[in-house]
Amino acid sequence: MATVLLSSCSPSGEEIYKNPSAPVEERVEDLLSRMTLEEKVGQMNQFVGIEHIKANSASMTEEELKNNTANAFYPGVTEKDVERWTEQGLIGSFLHVLTIEEANYLQSLAMKSRLQIPIIFGIDAIHGNANAPDNTVYPTNIGLACSFDTEMAYKIARQTAKEMRAMNMHWTFNPNVEVARDPRWGRVGETFGEDPYLVTLMGVESVKGYQGDLNRPEDVLACIKHFVGGSQPINGTNGSPTDLSERTIREIFFPPFKAGVDAGAMSLMTAHNELNGIPCHSNEWLMQDVLRNEWKFPGFVVSDWMDIEHIHDLHATAENLKEAFYQSIEAGMDMHMHGIHWNEMVVELVKEGRLSEKRITESVRRILDIKFRLGLFEQPYADEKKSMEIRLSAEHRATALEAARNSIVLLKNDGVLPLDASKYKRVLVTGINANDMNVLGDWSAVQKNENVSTILQGLQQIAPDTRFDFVDQGWDPRNMDQRKVNEAAALAKQVDLNIVVAGEYMMRFRWADRTDGEDTDRSDIDLVGLQNELIEKVAASGKPTILILVNGRPLGVEWAAENLPAIVEAWAPGMYAGQAVAEILYGKVNPTAKLAITIPRSVGQVQMIYNHKPSQYFHPYVVKPSTPLWPFGHGLSYTTYDYSDLRISSKEIAADGTVDVQVKITNTGNRDGVEITQLYIRDTYSSVTRPVKELKDFARIPLKAGESKAVTFTITPDKLGFYDKNMKWIIEPGEFKIMVGPSSSDEALLTETFTVKK
Ligand code: BGC
C-alpha cells in the first residue's frame, strides 16, 4: 500500500519506473504521475521515420507530396522537426523505419528526452520482416494459409519476431485476420483466405508466435487488423464503404478478432472503411461496446494510415481535423498513425474540457504497459554488430523453404507433372513472373539478388541438364511487348515443353505500376495485358504448356483451366519461390497445399464463397456455369488418397455433448505424401438460414505410399452453434450433417448425420 501511494503521488521520489524489478503496473503509474499532458498526448502519436521523409522530399515535388498521403508528407515539417520532437519526448512511436541504424538513432534522441521513454517501432512484418532489407522472406499469408499448417504460422511468426528485435523493431502490424470475400480487393494476398475458422487458427498461432509471453527480449507486439469488414468492400476497392448485417459481422468477421484478443493480442488496428455508415475510426460500437466491454480487450487500438484524418476529409462526419481527433478518441482510439496536428489539437481538446485528461491517461497507460513489458526501458537499442547473426540465419532460411514448398497449390494435372527431365530436354520459360523478384509478394522490399530464387533460377538449379530458353516478357503486365509474345510463340514450336509464369505484379517499390496488393484493386480477375494471348499462342505450339501463377488474389484463368495440361498456383512463395516451384514441377517435392480461397471463373460470379447460404444457386447463371474454377480446399498431389469408413461415435447427443468422427484415409498411389483432410458441418434445418457447409476442423496427415490411417476429429459444442433470430448464440436441437474429405466440393465428401437432442 505504502509503495503504491509513494509511486502515484511522489514524482520527485525514487524513480520506480526505472526500476526493472518493480511490478509493471507500479512502473506505469509512477511514470504517468511524472508526465505532462503534452508528453502523454505525444505517447499516443506516431511518425514515419526520418529517412522516409527525406527520401520522399528528395524524389517528389511539393505538389506531388501534398497530394499523396501514401508518402506521408507533413506539410511544412522537415526531419529536423521530427528529431527535435523526439528529443522533447513528444513522439511515442515510429513506423516505416527500415534499418537498425535509423531505429537506434531515433531511440538515442528519445533517450535524451526528459523522462527517457523509449520509442516503440512498428513495422509491417507481414510475411517475415520483408519490408526491410536483408531479412528472411516467407510466403505471403494466402500461401501460408493454403498449407493449413498452423504450427508453421507459429514458427514463422516466432522467427520474424527474432529478426525484428535484431533490428530494434518491436511491433508488427500483423496478423491481418480479415476474412477475404472479394477477389477484386487487392489485399487478398495478405489474408489467410475466405474461411473464418482457418483465418482464426492461423491468426491465433501468429499472435502467439510474435508475442510469446511478451516479456522476452525476442518477443514483439502483434497487431490484429483491420477492424472490421474491409475485406468485403461494396465495390471491391480498398477502403470503400462496407455494409454488413450484424449477423454477418458476428458470424464471419468477428471470430478471428475475438480469438486474437483471447490469444493475448495486445494491439488492434481499425479499418479504413466505414461500417454501415459509421467510419471504423470513430466507431464506438466497435471500439468500446464490442472490443472493451464484450471482449475485455486490455491492449491498445491504433488507427490506420491517415484514417483519423479521413473522418474529416473523406467520410465527412467531422467538420474539421480537431473534431475528427475528438470523435476517434471518444470512440476508443489509443494511438494515432501518424503525423502532425495531433499533439497540439488533442492537448487543446483537453484544455477546452472536451476530453478529460483521465481519458488520455487511460490510453497512455495501455501503451506504456507494452513498452515496459517488452523491456524497452532496459534495452532501448539493438546490437548493430550482432544483427545479421540472427537475420537470414540458416534455420530461418530452412523454414522459408519448407513453408514455400507447402504453400504451392497444384490446381490441375493431366499427368504431365512431375516433369521427366529426360523427356523434356529443351524447355521454354517465359511470362512476366518467370525471372523476377515479384515472387516475394506485396509487403516486401527489394532484397539482394542472392537472397531470392526466381522461378527461372529454381528451374536451372533443380534440372541442371535441361536447356531452358528464356524469353523475357519484362515485369510489367500492363506494358508487355507484342514482339516478345510472338517471339515466345515461335520458340515454343522448337522446344519440348513450355512453362509460362504469369500472374500479377505486386512489388511496392513500383507502387503505381502494380496490379495486385494494397490499394491495387481490380474490376475484373483476368490476367492483365497480353498474358492470355501469350499463354494461348505458346500453347498453340502443340507442345505441353504449363502455367505457373504468381499472384495474391484469385485469378479467373478459365481458358487455361480448360486447355492446358497443368496449372500451379504459387501465390508469392517468398525468397525460395523458384526452388520450391521447380522442386514441385520436377517431383522432388510432392505438393500438399489446398486452396484457402475459392477461385471463381470470372468477376461476375463474385461473391463466390464455399460457405454460402442454401439459396445462393437456386437459380443458376445462364450461359456460363455457376460453379467455381476450383473450390475452396482443392489441391492435387502426385499420389492419390482414398477416403472410407466414415464413422461417428454417437447418432444422438445432448447440446453440450461431443461426437467423435473417424475416417480412414489411404494413400493409394506410389508416392509418400501429406493429405490435408477437411471436416465440414451443416445444420440441416435451423431457425435462421445457415451455410451449406462450414469448415470446422482439418488435419495434415502424412501418409507413406500404400499406408492407411484412421483420423479422429472431435466435434465440440462450439462448432454447432449460431446466432438465432434475436442474435443469441444457441445450439439448436435437430440434425447435423458431417462431411469429411479432401476439399469442399460435394462429390469429394463422405457424409454422416447425428442429432442434437431437445
Ligand atoms: C495499411 C496498414 C498498414 C499501414 C502501415 C496502411 O496503409 O492499411 O495495414 O499497417 O499502412 O504501413
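Everything numeric here is computed off the predicted structure, so don't read it as measured data.

(A) Examining the sheet that holds strand β6 (residues 267-270) more closely. In space, the 3 strands of this open sheet follow the order β5-β6-β9, with parallel pairing throughout. In the strand order of this sheet, the two ends are held by β5 (223-227) and β9 (300-302), each with one partner. Each strand axis lies, on average, 25° off the axis of its neighbour in the sheet, ignoring direction. Strand direction decides the pairing type here: β6 and β9, joined by 3 bridges, are parallel.

(B) Examining the sheet that holds strand β2 (residues 93-95) more closely. Read from one edge of the open sheet, 4 strands run β1-β2-β3-β4, paired in parallel fashion. For this open sheet the edge positions go to β1 (46-48) and β4 (171-172), each flanked by a neighbour on one side alone. Looking at chain direction, β1 and β2 are connected through 3 bridges and run parallel. Within β2, the residue paired with Val-48 across the bridge is Leu-95.

(C) Highlighting the packing of aromatic side chains. For the structure on display, the rule yields 21 aromatic pairs. With a centroid separation of 5.5 Å and an interplanar angle of 50°, the aromatic rings of Phe-47 and Trp-85 are classed as tilted. One end of the pair, Phe-47, is in strand β1; the other, Trp-85, is in helix α6 (residues 79-87), with 38 residues separating them in the sequence. Overall, the relative accessible area of 2% leaves Phe-47 in the buried class. For Trp-85, a relative accessible area of 21% puts it in the partly exposed group. Taken together through their ring pairs, the aromatic side chains of Phe-148, Tyr-197, Tyr-610, Phe-632, Tyr-680 and Phe-698 make up a single cluster. Sitting over the face of the ring of Tyr-326, Arg-354 holds its NZ or CZ atom 3.9 Å from the ring centroid.

(D) Here's a closer look at the nonpolar core. The biggest cluster of nonpolar side chains holds 214 residues, and the ones touching the most others in it are Phe-227, Leu-417, Leu-419, Leu-547 and Leu-585. Those residues within four positions of Leu-417 in sequence are excluded, and the remaining contacts are Leu-410, Ile-546, Ala-566, Val-568, Leu-585 and Tyr-638. With 23 residues, the next largest nonpolar core counts Tyr-641, Ile-648, Val-659 and Ile-665 among its residues.

(E) Here's a closer look at the site of the ligand. Neighbouring residues of the ligand: 14 residues in total, closest Asp-124, Arg-187, His-226, Asp-304 and Glu-518. At 2.5 Å, a side-chain N or O of Asp-124 approaches an oxygen atom of the ligand. One nitrogen or oxygen atom from the side chain of His-272 is found 3.2 Å from an oxygen atom belonging to the ligand. In the complex, 95% of the free accessible area of the ligand, which totals 310 Å², lies under the protein chains.

(F) Seen up close, a negative patch on the surface. A contiguous patch of negative charge, built from Glu-101, Asp-383, Glu-384 and Glu-389, is present on the exposed surface. Here Glu-101 shows up in helix α7 (residues 100-110). Judged by its relative accessible area of 45%, Glu-101 is partly exposed.

(G) Highlighting the side chain of Thr-430. Within the fold, Thr-430 resides in strand β11 (residues 426-430). Those residues in contact with Thr-430 that lie beyond four places of it in its chain are Val-471, Gln-473, Ala-488, Ile-499, Val-500, Val-501, Leu-534 and Val-538.

(H) A look at the packing of helix α14 (residues 321-331) against helix α15 (residues 342-351). For the pair α14 and α15, the least separation of the axes is 10 Å and the interaxial angle reads 70°. Considered as vectors, α14 and α15 are oriented roughly perpendicular to each other. At the point where α14 passes α15, the crossing takes the right-handed sense. Contacts between α14 and α15 involve Leu-321, Lys-322, Phe-325, Tyr-326 and Ile-329 from the first element and Trp-342, Met-345, Val-346, Glu-348 and Leu-349 from the second.

(I) Region of interest: unusual backbone geometry. Across the junction of Asn-174 and Pro-175, the peptide omega takes the value 5°, indicating a cis bond. Mapped onto the elements, Pro-175 comes out in the loop between β4 and α10 (196-211). The residue after Val-606, namely Gln-607, is reached through a cis peptide bond having omega 10°. You can see Gln-607 is positioned in the loop between α23 (577-585) and β16 (641-648). Positive phi, normally seen in glycine, also occurs at Ala-316, with a value near 60°.

Scoring rules and cut-offs
Residues numbered from 1 in each chain as written. Predicted model: local features only at pLDDT ≥ 70, side-chain atom pairs only at ≥ 80, totals over all residues. Heavy atoms only, no water. Pairing = 2+ DSSP bridges. Helix = DSSP H or I, 4+ residues; strand = E, 2+ residues; numbered from the N terminus. Axes fitted to C-alpha atoms, helices over the stretch in contact; angles between N-to-C directions. Phe/Tyr/Trp six-rings, centres within 6.5 Å; stacked < 30°, edge-to-face > 60°. Buried < 20%, exposed > 50% of the residue type's maximum accessible area, 1.4 Å probe, protein only. Lys NZ or Arg CZ within 6 Å of the ring centre and 35° of its normal. Core = buried A, V, L, I, M, F, W, Y, C linked by side-chain atoms within 4.5 Å. Contact = heavy atoms within 4.5 Å. Near = heavy atom within 4 Å. Polar contact = N/O pair within 3.5 Å; in protein donor to acceptor, adjacent residues only side chain to side chain. Areas by Shrake-Rupley, 256 points an atom, 1.4 Å probe, with all protein chains shown as cover. Patch = residues over 30% accessible without salt bridge, like charges linked within 9 Å, V, L, I, M, F, W, Y side chains within 5 Å. Salt bridge = Lys/Arg side-chain N within 4 Å of Asp/Glu carboxyl O. Lys, Arg positive; Asp, Glu negative; His and termini not counted. Charge placed at Lys NZ, Arg CZ, Asp CG, Glu CD. Parallel < 35°, antiparallel > 145°, perpendicular 65-115°, else oblique. Left-handed = near helix turned anticlockwise from the far one by under 90°.

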